[in-house]
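Fold and geometry: a report
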Amino acid sequence: MVAMTDDEQKEQLKSFAKRYGSPIVTGVLLALSVAFGWQWWDKNKTVTAANATVQYQNVLNQAQKAAEDEAAFKALKADADKIVAEFPDTVQALQAQLLVAQLAFDRQDFKTAAETLTQASSSKIKDEGLIAIAKLRLAYTQVELKQLDAALKTLDEIKIVEFTPSVQEARGDIYVQKQDVESAKKAYQQAWDALVKREQPRELLQIKLANLGVVVEEPVIPTAIETPAMPVPSES
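What this report covers is the structure whose coordinates are included nearby. What you see is a predicted model; the values in this text were computed from it and never measured.

Here we look at the side chain of T116
- For T116, the location among the structural elements is in helix 6 (residues 110-121).
- Setting aside residues up to four positions removed in sequence, T116 forms contacts with Q97, V100 and A101.

So this is what it looks like as structure tokens:
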């Protein structure tokens with residue numbers, strides 16, 4: 001059987017309604033209208049996501065040149081802002097903002113980076129990981145702007161357990177800036193303990209602890225057990 005197009009189905013509904021105008025038919029039509037609405041929304045959502053992805057890829061393609069040229073950076077930011085305006089609260093919009101912020105940070109334009117990351121952090125997308133990345137980067141940007149207390153508050157907003165080591169290390173970095181050595185030691189130690197538990201120690205973090213007079217033991221990371229080779233039978 002050949003499937004009808006949307007227009008053909010709608011025409012059939014109109015004919016059906018004229019022929020059997022009744023409360024029952026009205027209910028049927030309402031149900032079918034909802035179905036048509038869902039199909040339209042689903043198709044529209046797919047097209048929207050595809051368009052957003054294409055525009056983000058275009059922004060991504062400009063990144064290398066934007067890292068070296070002021071005019072190119074402004075053009076990239078304008079395109080990224082367009083994605084955010086047209087496709088708000090999408091992964092593509094947030095990724096575009098993270099890219100702009102990274103480029104701005106590398107150019108030591110910390111004000112633009114902070115503004116972009118603040119906006120990104122308020123995105124309503126259901127991806128806690130990306131939001132946490134935006135907030136973590138925002139905290140480090142606020143450090144560059146000497147907004148140390150604001151940076152600590154930003155870190156407090158990151159609740160994902162998987163980010164505990166990075167958050168605690170960042171908190172230690174901030175306490176070092178504030179010359180609060182004891183708080184820095186505590187934060188670094190918490191980060192180190194979490195990483196050792198995961199068997200993912202960071203050499204740089206170990207150095208930061210050593211600079212504060214804290215010596216941590218090298219964690220013992222188990223290695224894969226090698227299977228002994230089968231003995232080769234001797235020739236008789």
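With respect to the pattern of salt bridges
- Under the defined criterion, the tally for this structure stands at 10 salt bridges.
- A salt bridge links D81 to K77, with the nearest nitrogen and oxygen atoms 3.1 Å apart. Taken together, the positions of D81 and K77, both in helix 4 (residues 70-86) and four residues apart, correspond to about one turn of that helix.
- The salt bridge involving R171 is made with D156; its shortest N-O contact spans 2.8 Å. You can see R171 sitting in helix 9 (residues 164-177) and its partner D156 sitting in helix 8 (residues 148-156), a full 15 residues away along the chain.
- By relative accessible area, which is 41% here, D156 ends up partly exposed.
- Via salt bridges that share partners, E169, D173, R202 and K208 belong to a single interconnected network.

A closer look at the packing of helix 10 (residues 181-197) against helix 11 (residues 203-211)
- For the pair helix 10 and helix 11, interaxial distance at closest approach is 10 Å and the crossing angle is 150°. Relative to helix 11, the crossing made by helix 10 is left-handed. Side by side, helix 10 and helix 11 meet where K185, Y188, Q189, A191, W192 and L195 of the first sit next to L205, Q206, K208 and L209 of the second.
- Counted by class, the contact of helix 10 with helix 11 contains six nonpolar, two polar and two charged residues.

Side note on the side chain of T154
- Along the chain, T154 turns up in helix 8.
- The class for T154 is buried, based on a relative accessible area of 6%.
- T154 has contacts with K135, L138, A139 and Q142, leaving out every residue within four places of it along the chain.

Describing unusual backbone geometry
- The phi angle at D89 is positive, at roughly 55°, despite the residue not being glycine.
- Looking at the secondary structure, you find D89 in the loop between helix 4 and helix 5 (91-106).
- With a relative accessible area of 40%, D89 lands in the partly exposed category.
- If you check the backbone angles, E199 has positive phi at about 65° while not being a glycine.
- Take E199: it is sitting in the loop between helix 10 and helix 11.
- Of the residues examined, E199 reaches a relative accessible area of 42% and is grouped as partly exposed.

Quick word on the packing of aromatic side chains
- For the structure on display, the rule yields one aromatic pair.
- With 5.1 Å between their ring centres and 70° between their planes, F105 and F110 make a pair best called edge-to-face.
- Given a relative accessible area of 27%, F105 falls into the partly exposed group.

What to know about the packing of helix 5 against helix 6
- For the pair helix 5 and helix 6, interaxial distance at closest approach is 8 Å and the crossing angle is 160°. The angle between the axes of helix 5 and helix 6 places the two elements in the roughly antiparallel class. Along this stretch, helix 5 crosses helix 6, giving a crossing that reads as left-handed. Contact with helix 5, carried on its side by L94, Q97, L98, V100, A101, A104 and F105, involves F110, T112, A113, T116, L117, Q119 and A120 of helix 6 and no other residues of that element.
- When the residues that make up the contact of helix 5 with helix 6 are grouped by side-chain class, the tally is 10 nonpolar, four polar and no charged.

Considerations on the nonpolar core
- L155, I158, F163, I174, L205 and L209 are the most contacted members of the largest nonpolar core, which totals 25 residues.
- Within the residue set of this core, elements represented by two or more residues are helix 7 (128-144), helix 8, helix 9, helix 10 and helix 11.
- Take this core: its biggest share by element is five residues, from helix 10.
- Among residues more than four places away in sequence, those in contact with F163 are G129, A132, I133, I158 and R198.
- Counting residues in hydrophobic clusters, the runner-up holds 19 residues, among them F73, A80, F87 and L99.

Thresholds, definitions, all that
- Residues numbered from 1 in each chain as written.
- Predicted model: local features only at pLDDT ≥ 70, side-chain atom pairs only at ≥ 80, totals over all residues.
- Heavy atoms only, no water.
- Helix = DSSP H or I, 4+ residues; strand = E, 2+ residues; numbered from the N terminus.
- Contact = heavy atoms within 4.5 Å.
- Salt bridge = Lys/Arg side-chain N within 4 Å of Asp/Glu carboxyl O.
- Buried < 20%, exposed > 50% of the residue type's maximum accessible area, 1.4 Å probe, protein only.
- Axes fitted to C-alpha atoms, helices over the stretch in contact; angles between N-to-C directions.
- Left-handed = near helix turned anticlockwise from the far one by under 90°.
- Nonpolar A, V, L, I, M, F, W, Y, C, P; charged D, E, K, R; others polar.
- Phe/Tyr/Trp six-rings, centres within 6.5 Å; stacked < 30°, edge-to-face > 60°.
- Parallel < 35°, antiparallel > 145°, perpendicular 65-115°, else oblique.
- Core = buried A, V, L, I, M, F, W, Y, C linked by side-chain atoms within 4.5 Å.

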